[in-house]
Amino acid sequence: MDITISKLRKDLARIVGEDYVSTDRPTSVVYAKDTMPWDVEEKNMPYAVVRPSNSSEISRLLKYANEKLIPVHIHGSGTSLVGLARPKTKGIVMDTARMKGIEVYPERGYFEVGPGMHVAQVKKELAKYNALLPVFPGSELVATIGGAIAVNTSAHGVDAALGKPGDFILGFEVVLPTGQILQTGTESTRRPAGIDPTKYFIGSEGLLGVLTKIRMRLIPMPYFEQVVAYYSRTEDVLSTVIDMYKNGIYPPLFFEYLDERAAKIGFEAVGLQQPRGAVSMMRLHSWSKEGSRQRAKEFLEFLKDNNPIETKIVSDEEEWGKIWQSRAEAGNYMYRLGMTFGSEISPRVDKLIEAFHDAQSIVKNLDSYKNAEFISFGHIGAPTIHAYAFIPTKDIANEVKKAITLEMREKTEDLNIKYGGCGGEWGLTAQRVSFLKKKYGESLYELLVTMKKAFDPNDILNRGNLQGWM
Ligand SMILES: Cc1cc2nc3c(=O)[nH]c(=O)nc-3n(C[C@H](O)[C@H](O)[C@H](O)COP(=O)(O)OP(=O)(O)OC[C@H]3O[C@@H](n4cnc5c(N)ncnc54)[C@H](O)[C@@H]3O)c2cc1C
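**Quick look at the overall build of the protein**
So, point 1. Of the regular secondary structure elements, the protein holds 15 helices and 19 strands.
So, point 2. Since a compact globule built from 470 residues should have a radius of gyration of about 23 Å, the 23 Å found for the protein is in line with a globular shape.
So, point 3. Out of the 470 residues in the protein, the part that is buried amounts to 48%.
So, point 4. Taking the intrachain contacts of the protein between residues at least 6 apart in sequence as the baseline, contacts between residues at least 24 apart amount to 72%.

Following this line, the structure appears as structure tokens:
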């Protein structure tokens, strides 16, 4: 950078206001860190963190960054699990936290929201209009709606039952990396046929522009019924999913599983009796109370074909709350007691069991760390297997953490290639350049690079993420 930090601070203060620029070391450390398991390094530390309040400030900020050739990294809440949120180069971090407004227009069939509002808060506002937000990451209390749409993730198998969040986006206000403010899409509930520039920004992970306003269709809130099924083996859960697709059964909105180990940990943590094997939990929806009840009964019948120990509809909300919480607790256990190295495998449905066994073998035979424990859970109805290497200590050298992350990533990417998947969670790019090249070829990757250059000639936004820098 050609200017001093104090000059940078003054320039940024002119754009966003003195109170919304930080250049102190503790703030830089906070914004340099994300959920990746290794320590922050000097190159991750931003020169400055800014918190603009509107698109015109962002536009001025980006024009300034282009003039001075300083990278800008967009920060929602920094909860992305695959390294998107950690700045890969020194630069300015732009936090969207102040852009929180929401307007709901039931008479138009949509709502508009600022990117910095937390997902759970958006849900609370929509609930007043009996509307559903189809976004369910475990991080919803803190993740921003801007971050969720920027990675286009829904979690829990919602993709299979309803679609991804991007399927409900009607349009954006977006600030291009060069500072122009664009409006995309429609104010009708009907999306354009043919070329629809809105789609370029859905799931674009902050590489092509900053989402400053999100317009999304209102989905009437369905009725739900909950079902739990206990199995002696995880493989029986997997064959249930295979049969569900084979028999043309409409997937539940949520269809989660815990393998034998995760189920024991999770159930113990919430004070429920430890199950004898694996557990799956499902939430079925319909737009009438009778309809959802009927679906649950029919699904219960279907489940009986794959050797469950027990299946039941769970009507008691407290019981369901505990069963559901066991998923999060299995993850919390691992985070508390050691280190986890996660992955996502989303195989072709009929290859679920082979993919699961291969994932087990990867974790048990890691070159970078011996004796890692295999634990898995995930949005199996989608289908997603989250295969974790759990190491019951935090006392691992930084270089080893990186090596395990890379090995897990590379080997599970190979499973996605072998079994025809691509991963449906978390956003892909920052960790998956090698995957994109291997699966889709160098020319497709080059096309992405060319597209990024067309939007962002000076490579200002989220520099390093498309290059796969760590
Ligand atoms: C406990 C936990 C559970 C989770 N569960 C799931 C899960 O079940 N399924 C799943 O898919 N994910 C899950 N996640 C990760 C999830 O992807 C993120 O939490 C969420 O999508 C990102 O929100 P964020 O506000 O933290 O975004 P960040 O992490 O800050 O940003 C994510 C990416 O989006 C970009 N970005 C952010 N805001 C904007 C914007 N306004 N315009 C353009 N680009 C932007 C950033 O630059 C970055 O590249 C989980 C995370 C945690 C910690």
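Resuming the write-up.
**So, helix α11 (residues 317-337)**
So, point 1. Relative to the 30 Å expected for 21 residues at 1.5 Å per residue, α11 spans 30 Å between its end C-alpha atoms, a close match to the ideal helical length.
So, point 2. At Arg-327, α11 is bent by approximately 35°, the largest bend along its length.

**Concerning the sheet that holds strand β3 (residues 72-75)**
So, point 1. One open sheet accounts for four strands, arranged β1-β2-β4-β3; its pairing is mixed. Edge positions in the sheet fall to β1 (21-22) and β3, since each of these pairs with one other strand and no more.
So, point 2. Contacting β1 and β2 (48-50), helix α1 (residues 5-16) runs over the sheet at an angle of about 5° to β2.
So, point 3. Running at roughly 150° to β3, helix α3 (residues 55-68) makes contact with β2, β3 and β4 (92-95) of the sheet.

**Structural notes on the packing of helix α8 (residues 234-246) against helix α12 (residues 352-364)**
So, point 1. Packing of α8 against α12 brings their axes to within 9 Å, and their N-to-C directions diverge by 145°. Residues Thr-234, Glu-235, Leu-238, Ser-239, Val-241 and Ile-242 of α8 lie in contact with α12, whose contacting residues are Leu-352, Ile-353 and Phe-356.
So, point 2. Looking at the contact of α8 with α12 residue by residue, the classes come out as six nonpolar, two polar and one charged.

**A short note on the nonpolar core**
So, point 1. With 118 residues, the main nonpolar core has Val-50, Ala-359 and Ala-389 as its most contacted residues.
So, point 2. Setting aside anything within four residues of it in sequence, one finds Ala-389 in contact with Phe-341, Val-363, Leu-366, Ala-372, Ile-404 and Met-408.

**Let's talk about the site of the ligand**
So, point 1. Inspection of the region around the ligand gives 33 residues, with Gly-76, Gly-138, Gly-146, Gly-147 and Gly-206 positioned closest.
So, point 2. Mapped onto the shell around the ligand, the elements with two or more residues apiece are β3, α5 (145-151) and β10 (210-217).
So, point 3. Counting residues per element, the shell around the ligand draws most heavily on α5, which supplies five residues.
So, point 4. Grouping the amino acids of the shell around the ligand by side-chain chemistry returns 14 nonpolar, 17 polar and two charged.
So, point 5. There are two domains that each give the shell around the ligand at least three residues, and those are domain 1 (5-95) and domain 2 (102-220).

**Concerning the sheet that holds strand β8 (residues 169-175)**
So, point 1. With respect to topology, five strands assemble into an open sheet ordered β5-β6-β10-β8-β9, the strand pairing being antiparallel. Every interior strand has two partners, whereas the edge strands, β5 (102-105) and β9 (181-183), have only one. Geometrically, the sheet is characterised by an average inter-axis angle of 15° between neighbouring strands, direction not taken into account.
So, point 2. As judged from the four bridges shared by β5 and strand β6 (residues 110-113), these two strands associate in the antiparallel manner. Counterpart to Glu-103 in the pairing with β6 is Glu-112.
So, point 3. Set on the sheet, α3 makes contact with β8, β9 and β10; between it and β8 the angle comes to about 50°.
So, point 4. Sitting on the sheet, helix α4 (residues 119-127) is in contact with β5 and β6, with an inclination near 35° to β5.

**Brief notes about helix α2 (residues 25-32)**
So, point 1. The set of residues buried in α2 consists of Ser-28, Tyr-31 and Ala-32. Angular distribution of buried residues about the axis of α2 spans 105°; they occupy a single face of the element.
So, point 2. Close packing links the buried residues of α2 with β2, β3 and β4.

**Focus on the domain arrangement of the protein**
So, point 1. We note that the domain assignment places domain 1 (5-95), domain 2 (102-220), domain 3 (222-335) and domain 4 (338-426) within the protein.
So, point 2. Using C-alpha coordinates to define each centre, domain 1 is positioned 31 Å away from domain 4.
So, point 3. At the interface, six residues of domain 1 touch eight residues of domain 4.
So, point 4. Here the side of domain 1 that touches domain 4 is built from residues that sort into four nonpolar, one polar and one charged.

Calculation criteria
Residues numbered from 1 in each chain as written. Predicted model: local features only at pLDDT ≥ 70, side-chain atom pairs only at ≥ 80, totals over all residues. Helix = DSSP H or I, 4+ residues; strand = E, 2+ residues; numbered from the N terminus. Rg over C-alpha atoms; globule rule 2.2 N^0.38 Å. Buried ≥ 20, exposed ≤ 12 C-beta atoms within 10 Å, placed from the backbone. Contact = placed C-beta atoms within 7 Å. Expected span 1.5 Å × (residues − 1). Bend = angle between axes of the 7 residues up to and from the residue. Pairing = 2+ DSSP bridges. Axes fitted to C-alpha atoms, helices over the stretch in contact; angles between N-to-C directions. Nonpolar A, V, L, I, M, F, W, Y, C, P; charged D, E, K, R; others polar. Core = buried A, V, L, I, M, F, W, Y, C linked by C-beta atoms within 7 Å. Near = placed C-beta within 6 Å. Domains from an automatic or database assignment. Arc of directions from axis to C-beta.

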